[in-house]
Amino acid sequence: MKFDVVIIGGGLAGMVCGIRLAEAGKKCAIVSQGQSAIHFSSGSFDLLGRMPDGTEVSDPIAAMAELGKIAPEHPYAIMGEKFCAEHLQQAPEILRSAGISVSGDCRKNHFRITPMGKMKPTWLTIDGYLTTASSERLPFEKVCIINVEGFLDFYPEFIAEEFRKQGVVCNFGTINLPDLERIRRNPSEMRSVNIARVFDREENLEVLAAKIREMASGCEAVILPAIIGIGRDDAFDVLKSKVNTPLYLLPTLPPSIPGIKAQQALQHRFRSLGGEYFLGDTVLSAEWKDGRVKELFTANHGDIPFRADHFVLATGSFFSKGLVATPDRIVEPVFGADTVFTPDRAEWYTLRFFDRQNYQAFGVRTDRSLRVVKEGVPIENLYCAGAGLAGFHPVQEGCGAGVSLLSALFVADRILKGE
Amino acid sequence: MNAVYDVIIVGGGATGAGVARDCALRGIKVLLLERSDISTGATGRNHGLLHSGARYAVTDHESAVECIKENRILRKIAAHCVEETDGLFISLPEDGLEYQTVFVEACRKAGIRADVIDPQEAKRLEPAANPSLIGAVRVPDGAVDPFRLTASNILDAKAHGAEVRTYMEVTELIREQDRIVGVKAYDYHARTEETFYAQVVVNAGGIWGHGIAAKAGITVNMLPAKGALLIFGHRVNNLVLNRCRKPADADILVPGDTISLIGTTSSKVPFEEVDNMIVTPAEVDLLLREGEKLSPILAQTRILRAYAGVRPLVASDDDPSGRTVSRGIVLLDHAQRDGMQGFITITGGKLMTYRLMAEWTTDLICKKIGVKEVCRTAEIPLPGSAESKEEVEKKIRNRPITQRRSSISRHGAMAVEIDSENSLKNSLVCECEEVSVGEVEYAMEHLGVNNLIDLRRRTRVGMGTCQGELCACRAAGLMGKKDPVCARKAKADLASFLNERWKGMAPIAWGDTLRESEYTTWVYQGVCGLSDETTKIAVK
């Protein structure tokens, strides 16, 4: 099979890179193992929430300029302030073109509300999810937090405990339905996806709306866990149209409905642009010629090679096995690329869970064009995008999604410019 | 007003819990004080091996005899805490077979059944054993769950009138002339100090007993000996595997519930470190290297956690250099030894002999306070062990099968008390270990659970392959349901649970363990936005 570009990894970076290239007329393939960090999405996309020293960021663009000076190996610094600033509009446009409607401003972070009621600075949030412009003020004074009875992955009491700090009065409500009773019969089935399927049914949505109307009386807003609209896109809008009180969603513990929906939407968009998406396949080996990647062989395609002019490594970090840790080193398993890490295992971590752990910034070694380096030499036609990159702390700095989105666009840009 | 007791026990490990039960059964008014949760010291940080005594047969005949006697008693009184697996002592080519002859002879002398079996038969019995073994001896080793065992002793002690207070640290022994008459203790929850009086104070503090004795101006010459262990992600072996040679590092592999454990190392540590045992990369490497010789499959098995305990070894009183160390039971009557009335130290020994240690201690207490009752702890089953698993299972047939089995294995006959009225209560909090909402609620209400780490000790929530990935959050959610204070505390508690969990994972954080940790970071710090701020406001 011959493509212009083959992308390995179907997470946020791989998919956005593929969409951008396909939009520009490139013939692309994505080879995806199937699971990526999008499945644990919070419903928001962070750009830069905190500086490496922990200082909260209000204006991400200004902070990125600062970051370039203090952390020159950060992917943002490598891509450069100018590139990032120029492409910060393109990322939400790509999401919107896929049908993921997001709001946010790259010059001013807003706050997403977590399943535990905490407020975290972020860049883009999917419409429908509760956000606030200031971490000191919520958009209501009396709210009703509703949960599905027996759903253990959402925490109304924890949320209320945080809200009360701002003087918000919190009521609680629980929902139960005969259809929910059916999934409850199996003790491990009360999870977000199964519940959402129940509410895909019109009659259940109707009952839910009626109960919300009842419980919301006297409240300015209603909060629901993100258990709406797995099989249909309009479920939340239908629900909102049946309730007079403003309705907001909050993310749950994984699996994340907004994450799964975003994954599906991006996949659909990529395919509709003519991209080929190989789900559940794994790249096993690469053939090289003259210092370039010539072709790839995968588990499902046996001796049929994937040939391309350019390849993009977007396999993610440890969780998705883009990086593999052995007791003494960090391995990039597809190409055997060079990796950035400290050799002494004792330096990989501290014993406090919430510390910045060094291992989180380990990753694939690249040059300043994000070309993958192997045995000290950059590979001309192999780029790296996304969580597999080195030099950043995606969670502590609140920059995981931003790095994935921008590095995907950066790599697409290089390929399109024929570098 | 200060309460008055016959006996105050300091320390809530297996020994302290055993003394509390023995005292309570003999009608003695007893108070047990523990500075943390029960079984947090060496009790919860060992192999969980139900020794047959075979390991000591060659080197320590007396310990071997005690072990096999207690082994038989525990099978009877603590059936729900014990797994009768049997064990193999295997000889590898490098060990030779000479030791086997000496070993079998010594076992028989100690009254321990030791059957020499054909190497082929041994491999058939235990496919995980190193296939190059040249000899094997089958002995009645088994597995014992120290958390369950201790919790059961506590439950029975309370049922017979004992008072048990956890998170109470003894700060002072109250002395009147040459007599200890009570203790002052700090309550970590109420943040107040309380005073208690008793005729006898028992020091059952394990390695911390050194410091407790010091409060009475008494020196007990203890040597903290650190032992590190690794827990593997699934049950590799069904029989306990030992090396048939002189006891050495990392030569016991014990199956327990859903996991297997290898240990231990042995190294002296300073007293300043006993509160914060950290497993080093060198210890991990040693355990793996030696463990693979017992069972080569360990090289490919995921490691869940590394942890270390501190044995309270006691140097003989007549050897000031501290070199002559006994692993036997040490019962010190400080009236005789130091002229200090009303104060007893019970230490040394091992988990296997906790009941015997308790019996000796309680006998001495009875002598001191003039109680005539005799010990019955060897005959009366512990709560949970009064009925067979089959009988219990009949009573709770309506529950989902895996949950039914796992709750019986954890709580024995007490599984009946777990609320399973409806599907809400049967819903799973922890999928790895099949822990239901009902079981978590039962543990919070009846088993003295104060936080998530306590809960893990009582129910195995968070002990499985995922090490508390999502179940910790769910359990915290249930604990936080009661009122606003609970919600705040539960969140802080979740943060300390994650710190505790990570401490055990960091030394082995590569491969799947590192993957799991990255995922945890995404979920808890990313999606949920938890941070260390929560730790700072911890109510402790």
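Residues numbered from 1 in each chain as written. Chains lettered and ligands numbered in written order. Predicted model: local features only at pLDDT ≥ 70, side-chain atom pairs only at ≥ 80, totals over all residues.

Draft legend 1. Structural detail: the overall build of chain B. Looking only at helices and strands, chain B has 19 helices and 23 strands in total. In terms of overall dimensions, chain B is globule-like: its C-alpha atoms have a radius of gyration of 23 Å, near the 24 Å expected for 540 residues. Taken over the C-alpha atoms alone, chain B extends approximately 70 × 60 × 45 Å along its principal axes. Across the 540 residues of chain B, 59% fall into the buried class. (Helix = DSSP H or I, 4+ residues; strand = E, 2+ residues; numbered from the N terminus. Rg over C-alpha atoms; globule rule 2.2 N^0.38 Å. Buried ≥ 20, exposed ≤ 12 C-beta atoms within 10 Å, placed from the backbone.)

Draft legend 2. Examining the overall build of chain A more closely. Tallying secondary structure elements over chain A gives 12 helices and 22 strands in all. Its C-alpha atoms give chain A a radius of gyration of 22 Å, near enough to 22 Å, the size a compact globule of 419 residues would have. Principal axes of the C-alpha set define a box for chain A whose edges measure 70 × 45 × 40 Å. Considering chain A as a whole, with its 419 residues, one finds that 53% of them fall into the buried category. In chain A, the share of contacts with a sequence separation of at least 24, taken over all contacts with a separation of at least 6, comes to 68%. (Contact = placed C-beta atoms within 7 Å.)

Draft legend 3. Inspection of the sheet that holds strand 8 (residues 131-132) of chain A at higher detail. Residues and elements named next belong to chain A. Strand order in the open sheet formed by 3 strands is 6-5-8, with antiparallel pairing between adjacent strands. Bordering the open sheet on either side are strand 6 (119-122) and strand 8, each of which pairs with just one other strand. Bridge count for strand 5 (residues 110-113) against strand 8 is 2 bridges, and the pairing is antiparallel. Within strand 8, the residue paired with Phe-111 across the bridge is Thr-132. (Pairing = 2+ DSSP bridges.)

Draft legend 4. Highlighting the domain arrangement of chain B. Residue and element names in this part refer to chain B. Annotation of chain B at the domain level lists domain 1 (3-42 + 147-221 + 317-369), domain 2 (83-141 + 227-307) and domain 3 (389-536). The distance between the C-alpha centroids of domain 2 and domain 3 comes to 29 Å. At the junction of the two partners, domain 2 supplies 12 residues and domain 3 supplies 13 residues. Secondary-structure elements contributing two or more residues to the side of domain 2 that touches domain 3 are helix 8 (281-294) and strand 18 (303-315). A total of 5 residues in the side of domain 2 that touches domain 3 trace back to one element, the largest contributor, which is strand 18. Here the side of domain 2 that touches domain 3 is built from residues that sort into 7 nonpolar, 2 polar and 3 charged. (Domains from an automatic or database assignment. Nonpolar A, V, L, I, M, F, W, Y, C, P; charged D, E, K, R; others polar.)

Draft legend 5. Representation of helix 6 (residues 146-159) of chain B. Residue and element names in this part refer to chain B. Along its 14 residues, helix 6 runs 20 Å from first to last C-alpha, staying within 8% of the 20 Å computed at 1.5 Å per residue. Burial analysis of helix 6 places 12 of its 14 residues in the buried class, which makes it a mostly covered element. Pro-146, Phe-147, Arg-148, Leu-149, Thr-150, Ala-151, Ser-152, Asn-153, Ile-154, Leu-155, Asp-156 and Ala-157 are the residues of helix 6 that are buried. Downstream of helix 6 by one or two residues, Gly-161 has phi in the positive range, about 100 degrees. (Expected span 1.5 Å × (residues − 1).)

Draft legend 6. Main features of the packing of helix 14 (residues 437-446) of chain B against helix 16 (residues 471-479) of chain B. Residues and elements named next belong to chain B. Interaxial distance between helix 14 and helix 16 falls to 11 Å at its minimum, and their mutual angle equals 55 degrees. In terms of orientation, helix 14 and helix 16 fall into the oblique class. Both helix 14 and helix 16 take part in a crossing whose hand is right-handed. Facing helix 14, whose interface residues are Val-437, Val-440, Glu-441 and Met-444, helix 16 presents Ala-475, Leu-478 and Met-479. Its residues assigned to classes, the contact of helix 14 with helix 16 comprises 6 nonpolar, no polar and 1 charged. (Axes fitted to C-alpha atoms, helices over the stretch in contact; angles between N-to-C directions. Parallel < 35°, antiparallel > 145°, perpendicular 65-115°, else oblique. Left-handed = near helix turned anticlockwise from the far one by under 90°.)

Draft legend 7. Expanded view of unusual backbone geometry. In this structure, Pro-255 of chain A follows Pro-254 of chain A across a cis peptide bond, with omega equal to -5 degrees. Here Pro-255 of chain A is to be found in the loop between strand 12 (247-250) and helix 11 (257-272). Between Gly-263 of chain B and Thr-264 of chain B the backbone carries a cis peptide bond, its omega angle lying at -15 degrees. On the secondary structure map, Thr-264 of chain B appears in the loop between strand 16 (259-263) and strand 17 (267-268). Despite not being glycine, Ala-250 of chain B shows a phi value in the positive range, around 50 degrees.

Draft legend 8. Summary view of the domain arrangement of chain A. Parsing chain A into structural domains produces domain 1 (2-103 + 260-416) and domain 2 (130-250). Placing the centre of domain 1 of chain A and that of domain 2 of chain A at their C-alpha centroids yields a distance of 34 Å.

Draft legend 9. Region of interest: the interface of chain A and chain B. The partner chain B presents 45 residues to the 42 residues of chain A that form the contact. Listed by contribution, the elements that provide at least two residues to the side of chain A that touches chain B are helix 6 (156-164) and helix 7 (178-184) of chain A. Here the side of chain A that touches chain B takes 4 residues from helix 6 of chain A, the largest share from any one element. Taken together, the residues that form the side of chain A that touches chain B break down as 24 nonpolar, 6 polar and 12 charged.

Draft legend 10. A look at the nonpolar core. Judged by nonpolar contacts, the single largest core of 317 residues is most densely connected at Leu-313 of chain A together with Ala-20 of chain B. The biggest single contributor to this core is helix 12 (residues 400-416) of chain A, with 10 residues. Not counting chain neighbours up to four residues away, the residues in contact with Ala-20 of chain B comprise Ile-9, Val-30, Leu-32, Asn-153, Ile-154, Ala-157, Ala-162 and Val-164 of chain B. (Core = buried A, V, L, I, M, F, W, Y, C linked by C-beta atoms within 7 Å.)

Draft legend 11. Region of interest: helix 1 (residues 12-23) of chain A. Residues and elements named next belong to chain A. For helix 1, built from 12 residues, the straight-helix expectation of 16 Å at 1.5 Å per residue is met to within 8% by its first-to-last C-alpha distance of 16 Å. For helix 1, the buried fraction is high: 11 of the 12 residues fall into the buried class. Where the residues of helix 1 are buried, they touch strand 1 (2-8), strand 2 (28-32), helix 5 (90-97), helix 11, strand 16 (306-313) and helix 12. A positive backbone phi angle near 95 degrees is found at Gly-25, which sits one or two residues after helix 1.

Draft legend 12. Representation of the sheet that holds strand 4 (residues 82-83) of chain B within the structure. Residue and element names in this part refer to chain B. Read across the sheet, 3 strands follow the order 3-8-4 without closing on themselves; strand pairing throughout is antiparallel. Two strands in the sheet have a free side with no partner beyond their single neighbour: strand 3 (49-50) and strand 4. Here strand 3 runs beside strand 8 (residues 142-144); their pairing, made up of 2 bridges, is antiparallel. Counted as the bridge partner of Leu-50 is Gly-142 from strand 8.

Draft legend 13. A look at the packing of helix 1 of chain A against helix 11 of chain A. Residues and elements named next belong to chain A. Contact geometry for helix 1 and helix 11: axes closest at 9 Å, N-to-C directions at 25 degrees. As the angle between them shows, helix 1 and helix 11 are arranged roughly parallel. Our pair here, helix 1 against helix 11, has a crossing hand that is left-handed. Taking contact as the criterion, the partners of Met-15, Gly-18, Ile-19 and Ala-22 in helix 1 are, on helix 11, Leu-266, Gln-267, Arg-269 and Phe-270.

Draft legend 14. The confidence of the model for chain B, seen in detail. Residue and element names in this part refer to chain B. For chain B, per-residue confidence averages 90 on the pLDDT scale, and residues scoring 70 or more make up 94% of the total. Across residues 534-540, where pLDDT falls below 50, the model places 13 contacts with residues more than four positions away in sequence or in other chains. If you check the scores for this complex, the pTM reads 0.88 and the ipTM reads 0.94. (pLDDT = per-residue confidence, 0-100.)

Draft legend 15. The arrangement of the environment of Lys-240 of chain A in detail. Tracing the chain through its elements places Lys-240 of chain A in helix 10 (residues 235-242). C-alpha of Lys-240 of chain A to C-alpha of Arg-368 of chain A: the two residues are 128 residues apart in sequence and 48 Å apart in space.

Draft legend 16. Up close: the pairing of strand 14 (residues 283-289) of chain A. All names here are of chain A. Pairing of strand 14 with strand 15 (residues 292-298) involves 6 bridges; the strand directions are antiparallel. Along strand 15, the bridge assignment pairs Glu-287 with Glu-295. Connecting strand 14 to the next strand, strand 15, in antiparallel fashion are 2 residues, including Asp-290 with a positive phi near 50 degrees.

Draft legend 17. Region of the structure containing the pairing of strand 22 (residues 377-384) of chain A. All names here are of chain A. Relative to strand 22, strand 16 runs parallel, the two being bridged by 3 bridges. Looking at strand 22, one finds that Phe-311 is bridged to Leu-382. With 3 bridges connecting them, strand 21 (residues 371-374) and strand 22 associate as antiparallel partners. For Arg-371, the partnering residue across the bridge sits in strand 22 and is Tyr-383.

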